[in-house]
Amino acid sequence: MKEVSLDKQYYKEHIQNILYDNYVKLALVNIDTGEYVSVISVDKNADNYKSTSDVSSYFKDNKGLDCCHPDEVREFAYMCDMKHVKALIEAGARSIVRNFRFRLRLGEDYEWVSMDIEAEKEPREDGQWVVFGMRAVEP
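Residues numbered from 1 in each chain as written. Predicted model: local features only at pLDDT ≥ 70, side-chain atom pairs only at ≥ 80, totals over all residues. Heavy atoms only, no water.

A. Just the side chain of Asn30, in detail. Relative to the helices and strands, Asn30 is located in strand 1 (residues 25-30). Here Asn30 falls in the buried class, since its relative accessible area comes to 0%. Within the structure, Asn30 has its side chain in polar contact with the backbone oxygen of Asp126 (distance 2.8 Å). (Helix = DSSP H or I, 4+ residues; strand = E, 2+ residues; numbered from the N terminus. Buried < 20%, exposed > 50% of the residue type's maximum accessible area, 1.4 Å probe, protein only. Polar contact = N/O pair within 3.5 Å; in protein donor to acceptor, adjacent residues only side chain to side chain.)

B. View of the pairing of strand 5 (residues 129-136). Bridging between strand 1 and strand 5 involves six bridges; their strand directions are antiparallel. The residue bridging Ala27 from the neighbouring strand is Phe132, located in strand 5. As paired elements, strand 4 (residues 109-119) and strand 5 share seven bridges and run antiparallel to each other. Pairing of Ala119 across the sheet is with Val130, part of strand 5. (Pairing = 2+ DSSP bridges.)

In short, the description is geometric, and any link to function would need to be established separately.
Here it is, written out as structure tokens:
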């Protein structure tokens, strides 16, 4: 097998393309510090947060209706509740949510997506990070 050396920029672009091909939203959340980092967001409805407390208050005030279908907002808000997520992680869970399907608002329309929430295996020095991923699915 011949070894091929590719520059870092190629890998970065290739990985970015794979992520954009597979996700409509990808975010990292530090449940200890509240830091929220949006990696990918094709909708502009719900990614202007500086911390998870902003996210929690967003759903607590029922503004989640802006980003998901009213029929799923209660369950969606529960799935994204940082107290709930943190309790599951402290109990040893790493796969917090698997394949939760709901309608995400994209512009004027709704699109079916599947959401996964995964905790990193080991906390970092700055706290426990969780990955939120949403990908388009068929209804």
